[in-house]
Amino acid sequence: MRDTGIVLVLLQIIGSLQGQMLPKEIKKCHFGDSKCIVNSMNSVIKYFPKGIPAIGLKPIDVVDIRNSKFWNDEMVGAFWLKFDLFNQVNYGFENTTITKVSGFDENPTSSLIEIHGRIPSLIHKGDYFSTGRVWIVQMNSTGESLSDFQNFRFVLKLKVIMEYRNNKRYLKIYELTPFVTMDRWVFWLDNFFESNTDLTIAINQVFNLHWVEFWNELEPKNLKIFSGVFLSVFEDIFKKVSYDDMFLPISKEFEVND
Ligand SMILES: *[C@@H]1O[C@H](CO)[C@@H](O)[C@H](O)[C@H]1NC(C)=O
Ligand SMILES: *[C@@H]1O[C@H](CO)[C@@H](O)[C@H](O)[C@H]1NC(C)=O
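Keep in mind the model is a prediction, meaning the values are calculated, not measured.

For the protein chain, the helix and strand inventory stands at five helices and seven strands. Beginning at the N terminus, the succession of helices and strands in the protein chain can be written as α-α-β-β-β-β-β-β-β-α-α-α. Counting all 258 residues of the protein chain, 20% fall into the buried class. Intrachain contacts of the protein chain at a sequence separation of at least 6 include 67% that bridge at least 24 residues.

Near ligand 1, the surroundings consist of Y91, G92, N95, S121 and I123. By residue class, the composition of the shell around ligand 1 is two nonpolar, three polar and no charged.

Helix geometry: helix α4 (residues 211-240) is bent most strongly at E219, by close to 60°, with proline P220 lying one to four residues after it. All buried positions along α4 are accounted for by I225, F226 and F230.

Summarising the element assignment, M182 is placed in the loop between β6 (168-181) and β7 (184-189). It is 6.0 Å that separates the C-alpha atoms of M182 and R153, two residues lying 29 residues apart in sequence. With residues near it in sequence (within four places) discarded, M182 still touches F149, Q150, N151, F152 and R153.

For the rest of this paragraph, the subject is the confidence of the model for the protein chain. Mean pLDDT over the protein chain works out to 82, with 79% of the residues at or above the 70 mark. Put simply, helix α1 (residues 2-16) is where the protein chain has its lowest mean pLDDT, 48, and strand β3 (residues 97-102) is where it has its highest, 97. Every residue in residues 8-20 is under pLDDT 50, and counting partners more than four places away or in other chains gives nine contacts.

By nearness alone, every residue bordering ligand 2 is listed as T131, Q138, M139 and N140. The dominant element in the shell around ligand 2, judged by the number of residues it contributes, is strand β5 (residues 137-165), at three residues. For the shell around ligand 2, the class distribution of residues is one nonpolar, three polar and no charged.

Quick notes on the rules
- Residues numbered from 1 in each chain as written.
- Chains lettered and ligands numbered in written order.
- Predicted model: local features only at pLDDT ≥ 70, side-chain atom pairs only at ≥ 80, totals over all residues.
- Helix = DSSP H or I, 4+ residues; strand = E, 2+ residues; numbered from the N terminus.
- Buried ≥ 20, exposed ≤ 12 C-beta atoms within 10 Å, placed from the backbone.
- Contact = placed C-beta atoms within 7 Å.
- Near = placed C-beta within 6 Å.
- Nonpolar A, V, L, I, M, F, W, Y, C, P; charged D, E, K, R; others polar.
- Bend = angle between axes of the 7 residues up to and from the residue.
- pLDDT = per-residue confidence, 0-100.

Rendered as structure tokens:
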């Protein structure tokens with residue numbers, strides 16, 4: 001019953017989509033009304049985890065980053081030579097809470113746009129292949145890798161320019177800088193020592209005990225990936241929905257009549 005209701009609501013929403021307008025269910029805000037914008041973003045995340053194709057919102061429950069090279073040829077620690085990840089996918093963006101925004105003013109190019117948020121658990125899964133030297137032994141390993149970034153907090157700083165199409169203003173991001181922190185990075189490589197489970201567990205324990213050092217070493221690479229993921233979330237929306245259509249029209253009473 002509940003599912004049928006949800007489907008009906010969704011059909012109504014899809015039915016009400018007109019061109020590139022925002023669905024009616026997404027509350028529009030006044031320019032600069034940060035509190036309203038935070039609530040509106042959170043309801044989009046909550047009610048549309050599968051995305052809204054008409055406005056360019058991609059699914060956020062499963063974020064596929066297969067096409068980016070993550071940690072390719074990365075030296076991790078003292079003993080790894082090469083580490084490749086492929087078939088990568090992220091889970092957990094659907095549980096994002098936006099906590100603060102700023103800069104969504106009438107003229108957003110005059111200041112930096114900031115988006116602050118929190119994800120209770122950001123899961124990154126991939127298959128890995130590593131080849132290298134552990135002490136004097138040359139070895140190859142392959143298997144599944146799992147990362148869990150716990151209590152993941154991010155700040156995105158966006159620099160934007162305006163583009164004009166059909167007399168409407170569209171945002172274009174020309175720089176997105178992410179800042180991230182977390183309580184813990186849980187990292188697990190399956191099958192690292194193919195014939196020795198105890199050794200695999202031992203090496204994973206070493207990673208997890210020293211996750212801060214591994215994070216520090218990989219942070220520039222990771223931030224590049226995160227910025228790509230976040231960029232892909234926003235870029236299509238900004239391309240499809242004009243900036244003016246995202247907000248309530250400016251009240252006429254403030255305009256000078258002549
Ligand atoms: C997202 O939140 C739901 C509800 O709390 C939870 O069941 C689910 O496991 C969470 N997803 C991830 C990837 O943590
Ligand atoms: C490990 O893989 C590399 C590249 O695929 C290969 O050249 C090498 O012979 C392999 N070494 C072992 C010990 O399996």
